[in-house]
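# A look at the structure
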Amino acid sequence: MLHRIQSRLGPVWFSTLLLFVANRTADFVNAVTGIWLVPKFIPPDQLGAVLPLSQAAGFLALPLYIVLTPYTKLLTLHAEREEAGKTKALLRDAALLSLLAFLVVLLLTPILLPRIFSAFHIENGRLAIAIVLSAVLTSLAPVFTESLRAAKNFQIAALSDILAAPIRFAVMCVALPFRGLTGYFVGQATVPVFKSAIALVAFLKKHWYTSAVPYWKEDRPVFFFYALPLAAFLVLDHTRGFSEMMLMSLIPSTESATYYQMTRFTEMATYIGTTLTFVLFPFFTGNHAKGKNTFALLRQSMVFTGSAGMLVAVALALLGPTLFQIVPFLRSYTVSSSAFFTLTILASVRAVTACFTTHEIACGSFRFLRYYAVLSIGESILAFLLAKGPFSLSTLLGREWRLFDLLSFMMLFAGTILLAVLLDLFRRKPSPFPHCQ
């Protein structure tokens, strides 16, 4: 039955469907965790800090991302060529380098986290350790899970996604009642640990007796000509996201908590996009290495992601506020149709943009950084100017930040970046991706 479906859909869409079903099964458990379990044990005045702290964890892990990301590219290339020895050496070295990058993360922690704790009126305690642990493990996991994606072993990837969600739920059931936010990040750390273990076991089961083969001489150009622009992209992306989350500390705690609850639903707009980008990366890389054009796959992924996001946005705008009134533990969060619609469209716009950037990175083309860098830096600078000082929003308008202001600010720049992407694609006629032919 599965083979018949696979033959009709083709490898790309069958893998997407398989992972989509697995991820949505996991999302149901994650939704229960995020919508009911987390707010039950984290006070409303601290609930809005969950997303900014998660963003801070990603920002802390930037050195690790920069070091490890070239390995994900090389894993795909060598798996495509069935060079198991080099793949094994890459996994080994990535694990060793992560230990060194961990020291850099520890140095950044005392500089960054106290400011966030102060903004959200949170006591330090063991929370900083839990955040660093979560950041490091979350950064390291993609290297191991990439071995599954590179080998196109999407069945094991789907299985790990399904099992990781209930394990996270069980850990949080134990940790949240005792440690609150600290317990949340301990629960978050279990997912990358479990997925990394599954991927590593699957790889070693097949290649236990394979000897590691040196790769540095052949792959050295990748680290210099691929890693440097990719590092720039990661720094820009994380800095932009971090500046947006810092603005959240300026809005009332009740509205930041409402934002957290709404995002548990609006993430549905990204379901197709996140699944597609995970599946398509090795196909983009492989087809590019073989000299094939990848525009058709990119176009389909962007159209499907955008269309699905629009449907979810309309549905949530119509049903979201009513749902928050019906469900008892959501009743204390006041939401509007316009906020639901705007936040869902924002998630969709970024998911469509992610399809494009994933394609470009897979093909080793970073020309989009010319406009992406300008817009991201501009957004980050403006965010910090509007947050404090003589140009802050409170000074200019004589009132504090509100959720509507934050959503408008984020939507303005996300829409501008997508517009720049579409103009970039239009300019590439008649060959939209000459570098991928």
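Turning to the overall build of the chain, a few remarks are in order. Across its full length, the chain carries 18 helices and 0 strands. Of all 437 residues assigned to the chain, the portion counted as buried reaches 54%. Counting contacts in the chain only where the partners sit at least 6 residues apart, residues at least 24 apart contribute 84% of the total. Surface accessibility of the chain: about 20,000 Å² in total, with carbon and sulfur atoms responsible for 70%.

In this model, the chain carries an average pLDDT of 77, and 81% of its residues clear a pLDDT of 70 or more. Mean pLDDT in the chain bottoms out at helix α1 (residues 2–9), which sits at 57, and peaks at helix α18 (residues 403–427), which reaches 90. In this model, residues 430–437 is a region of pLDDT below 50 whose contacts with residues beyond four sequence positions or in other chains number 27 contacts.

Evaluated as defined, the whole model comprises 10 aromatic pairs. Aromatic pair F265 and F340: ring centres 6.4 Å apart, planes at 80 degrees, arrangement edge-to-face. Pair noted here: F265 is in helix α12 (residues 253–266) and F340 is in helix α15 (residues 337–362), with a separation of 75 residues, a long-range link. What makes F265 buried here is its relative accessible area of 12%. With relative accessibility at 0%, the residue F340 sits in the buried group. Relative to F368, the ring of F356 lies with its centre 6.1 Å away and its plane at 80 degrees, an arrangement referred to as edge-to-face. A residue pair is termed long-range when its members are at least 10 positions apart, and F356 in helix α15 and F368 in the loop between α15 and α16 (369–387) qualify at 12 residues. Summarising the burial analysis for this pair, F356 and F368 share the class buried.

Here we take up the pattern of salt bridges. By the definition in use, this model includes 5 salt bridges. For R240, the salt bridge identified is with D237, shortest N-O distance 2.6 Å. Of this pair, R240 and D237 both sit in helix α11 (residues 227–248), 3 residues apart, roughly one helical turn. Taking relative accessible area as the criterion, R240 reaches 10% and is therefore assigned buried. Of the charged contacts, one joins R402 and E255 as a salt bridge, the two residues approaching to 2.4 Å between their closest N and O atoms. Here R402, found in the loop between α17 (393–397) and α18, pairs with E255, found in helix α12; they are 147 residues apart in sequence, far enough to count as distant. Put simply, D237, R240, E244 and R350 are held in one network by salt bridges that share partners.

Another point: the environment of S160. Along the chain, S160 falls in helix α8 (residues 154–179). In the structure, S160 is positioned 37 residues away from A197 in sequence and 9.5 Å away in space, judged by C-alpha atoms.

This part takes up a nonpolar patch on the surface. A surface patch of nonpolar side chains, amounting to about 480 Å² of accessible area, comprises M310, V314, L318, L319 and F341. Inspection of the secondary structure assignment puts V314 in helix α14 (residues 295–326). Residue classification places V314 among the partly exposed positions, given a relative accessible area of 39%.

So, about the packing of α12 against α18. Between α12 and α18, whose axes approach to 10 Å, the crossing angle comes to 50 degrees. Considered as vectors, α12 and α18 are oriented oblique to each other. Touching E255, Y259 and M262 of α12 are L403, L407 and M410, all from α18. When the residues that make up the contact of α12 with α18 are grouped by side-chain class, the tally is 5 nonpolar, no polar and 1 charged.

In this section: α16. With 19 residues, α16 should cover 27 Å at 1.5 Å per step; its first-to-last C-alpha distance of 26 Å lies within 8% of that length. Taken together, the buried positions of α16 are L369, Y371, Y372, A373, L375, S376, E379, S380, A383 and L386.

Quick look at the side chain of D93 now. Inspection of the secondary structure assignment puts D93 in helix α6 (residues 84–119). Of the residues examined, D93 reaches a relative accessible area of 17% and is grouped as buried. Apart from the residues within four sequence positions on either side, D93 is in contact with Y71 and Y215.

What follows covers the side chain of T258. Considering the arrangement of structural elements, one finds T258 in helix α12. Using a relative accessible area of 6% as the deciding quantity, one classes T258 as buried. Setting aside its immediate chain neighbours within four residues, T258 contacts Y333, T334 and V335.

Cut-off values and rules
- Residues numbered from 1 in each chain as written.
- Predicted model: local features only at pLDDT ≥ 70, side-chain atom pairs only at ≥ 80, totals over all residues.
- Heavy atoms only, no water.
- Helix = DSSP H or I, 4+ residues; strand = E, 2+ residues; numbered from the N terminus.
- Buried < 20%, exposed > 50% of the residue type's maximum accessible area, 1.4 Å probe, protein only.
- Contact = heavy atoms within 4.5 Å.
- Areas by Shrake-Rupley, 256 points an atom, 1.4 Å probe, with all protein chains shown as cover.
- pLDDT = per-residue confidence, 0-100.
- Phe/Tyr/Trp six-rings, centres within 6.5 Å; stacked < 30°, edge-to-face > 60°.
- Salt bridge = Lys/Arg side-chain N within 4 Å of Asp/Glu carboxyl O.
- Patch = residues over 30% accessible without salt bridge, like charges linked within 9 Å, V, L, I, M, F, W, Y side chains within 5 Å.
- Axes fitted to C-alpha atoms, helices over the stretch in contact; angles between N-to-C directions.
- Parallel < 35°, antiparallel > 145°, perpendicular 65-115°, else oblique.
- Nonpolar A, V, L, I, M, F, W, Y, C, P; charged D, E, K, R; others polar.
- Expected span 1.5 Å × (residues − 1).

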